[in-house]
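Below are the chains, spelled out letter by letter.
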Amino acid sequence: MDYRGFFDRSIERLKAERRYRVFADLERDAVRFPRALWRPDPKSDETSEVVIWCSNDYLTMGGHPDVIGAVCNAAQRHGAGAGGTRNISGTHHPIVDLEAELADLHHKDAALAFTSGWVSNLAAISTIAGLLPNCLILSDALNHNSMIEGVRRSGCERQIWRHNDMAHLEELLIAAGDRAKLVVFESLYSMDGDIAPVKDIVRLAKKYNAMTYVDEVHAVGMYGERGGGICEREGVMADIDVIEGTLAKGFGTLGGYIAADAAIIDAVRSYAPSFIFTTALPPTVAAGAAAAVRHLKKSGEERARHQRMAMLTKHALKAAGLPVMDNPSHIVPVMVGDAEQCKAASDLLLERHGIYIQPINYPTVAIGTERLRITPTPRHTEAHVAELVEALVDVWKALGLKFVEAQIVPLRPAAKVEDPRCTYPDMKRAAE
């Protein structure tokens, strides 16, 4: 068998379908973010400066002085790694501290940290459903791949309810009768930016005696009075059985977690192979994440600035006639509708304008809905927005992409921040 040829042909198929992904070689700048250095040729030391517009470090906590300080202190005290799995090497104290912060954030008995949000969904959904007798999983049609994999791994019967369709969910709950039921959904869907009707989902789950499992990865840190997510903002956090989140987006570090009743957490800890046999998060990461969680529980400045910049960006792009998908969140999808054109738009933005926005193609989104997914941060400025609009208009014209009718909507009053250019006052001088 020609093994090498098999893999070569597999890659060629992706290229023919315009789904082959090319990574940009970038060096983030903790002080000057969203600016970064781009290396167009990996064989050369030549760099150029670019502005990142698609980071999932939504609140730029990855560069916050408290977070960096906690990471550096933990590295000096504990070293670079965790030393092994928690079952073999023991549980280092920074991860215990992190889990206490997360449990407190969501007002739950306990929390459990994983190496990524993907792993936490895989482990928690498969374990919880797998332990329940004859469990039926009811999954929203647009749930993330990690949730789908968790559902599959459970071995349980599953039914898909139409996205955010409460009538369909209720129909399935009624048909399920008295058997164990687990309703799994996201609070904020990251590709379209729409938000689940969490109050209605909780009401139906209670009415038909179902457990609820919510993925808040694109909402923790950014929504709610203390950054607890959409469920905190909507006042239903206490009614959700399991809250899953990430440390890699709003909290700017790495890892995933679940927060729930102590018995649920203990069951996942004790039964989930992907937890038992995986090396723990290193103390450096746990300490940095805990610092970010602590800060965002007390500070609303980053959230206010973040929402302001997201709203301003949408407003400016719509006013220029660019096809922005409407939604109530911080996600700014600019629709292209063709994989090749989407990649071309991304390349042109980077090469001609020094702006990096990754193209989003199938299988992340459906064929024909390819897009540029823009994520403003608190450290983007009004000047950055103006440059982005000018660049996108140029790219749209160069590629012959369709404009839409310009939409002018009134802006809300600006969020009050100490320095409109930079979230962190002690970085003002560097930002200048």
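It should be noted that the structure appears before, not after, this text.
Residues numbered from 1 in each chain as written. Predicted model: local features only at pLDDT ≥ 70, side-chain atom pairs only at ≥ 80, totals over all residues. Heavy atoms only, no water.

1. Re the side chain of Glu 370
Within the element layout of this structure, Glu 370 appears in the loop between strand S13 (359–360) and strand S14 (371–374). Although Glu 370 lies buried, it forms no salt bridge, and the closest oppositely charged side chain, Arg 371, sits 7.8 Å away as judged by the N-O distance. Setting aside residues up to four positions removed in sequence, Glu 370 forms contacts with Met 335, Val 336, Gly 337, Asp 338, Ala 339, Cys 342, Ile 360, Asn 361 and Val 365. (Helix = DSSP H or I, 4+ residues; strand = E, 2+ residues; numbered from the N terminus. Buried < 20%, exposed > 50% of the residue type's maximum accessible area, 1.4 Å probe, protein only. Lys, Arg positive; Asp, Glu negative; His and termini not counted. Salt bridge = Lys/Arg side-chain N within 4 Å of Asp/Glu carboxyl O. Contact = heavy atoms within 4.5 Å.)

2. A word on empty space enclosed by the protein
Scanning the entire structure with this criterion turns up 1 cavity of 30 Å³ or more. Put simply, the largest cavity is a space of about 80 Å³. Forming the walls of the largest cavity are Arg 86, Ile 95, Ala 113, Phe 114, Thr 115, Val 119, Ser 274, Phe 275, Thr 278, Thr 279, Ala 280 and Leu 281. The set of elements that each furnish at least two residues to the lining of the largest cavity consists of strand S4 (110–114) and helix H11 (273–276). Tallied by class, residues from the lining of the largest cavity come to 7 nonpolar, 4 polar and 1 charged. (1 Å grid on protein atoms, 1.4 Å probe; cavity = no way out; pocket = protein on both sides within 12 Å on 5 of 7 lines; lining within 4 Å. Points joined across faces, edges and corners; volume = space filled by probe spheres on them. Nonpolar A, V, L, I, M, F, W, Y, C, P; charged D, E, K, R; others polar.)

3. Here we look at helix H1 (residues 3–16)
Between its terminal C-alpha atoms H1 stretches 20 Å, which fits the 20 Å expected from 14 residues at 1.5 Å a residue. Arg 18, located one to two residues past H1, shows a positive phi value of around 60°. (Expected span 1.5 Å × (residues − 1).)

4. Comments concerning the sheet that holds strand S8 (residues 211–215)
Picture the strands of a sheet paired through backbone hydrogen bonds; they go either parallel or antiparallel. In spatial order, the strands read S4-S10-S9-S8-S7-S5-S6; together these 7 strands make up an open sheet with mixed pairing. Taken across any chain shown, the strands that pair with only one partner, and hence form the sheet edges, are S4 and strand S6 (157–161). Recorded for the sheet is a direction-independent mean angle of 20° between the axes of neighbouring strands. Examined bridge by bridge, strand S5 (residues 136–140) and strand S7 (residues 181–186) share 4 bridges and lie parallel to one another. What sits directly across from Ile 137, in S7, is Leu 182. Contacts from helix H5 (residues 117–131) reach S4, S5, S7, S8, strand S9 (242–246) and strand S10 (256–260) within the one sheet, and its direction differs from that of S8 by about 170°. Each of S4, S8, S9 and S10 is contacted by helix H10 (residues 262–271), which is oriented at about 30° to S4, the strand it contacts most. (Pairing = 2+ DSSP bridges. Axes fitted to C-alpha atoms, helices over the stretch in contact; angles between N-to-C directions.)

5. Overview of a nonpolar patch on the surface
A contiguous nonpolar patch, built from Met 1, Tyr 3, Phe 6 and Phe 7 and spanning about 540 Å² of accessible area, is present on the exposed surface. For Met 1, the position within the fold is in the segment before H1. Classification of Met 1 by relative accessible area gives exposed; the value is 75%. (Patch = residues over 30% accessible without salt bridge, like charges linked within 9 Å, V, L, I, M, F, W, Y side chains within 5 Å. Areas by Shrake-Rupley, 256 points an atom, 1.4 Å probe, with all protein chains shown as cover.)

6. Points about the environment of Pro 282
Along the chain, Pro 282 falls in the loop between H11 and helix H12 (283–298). Each C-alpha atom, one on Pro 282 and one on Ala 123, is 19 Å from the other, the two residues being 159 residues apart in sequence. When sequence neighbours within four positions are dropped, the list of residues in contact with Pro 282 reads Ala 80, Gly 81, Ala 82 and His 92.

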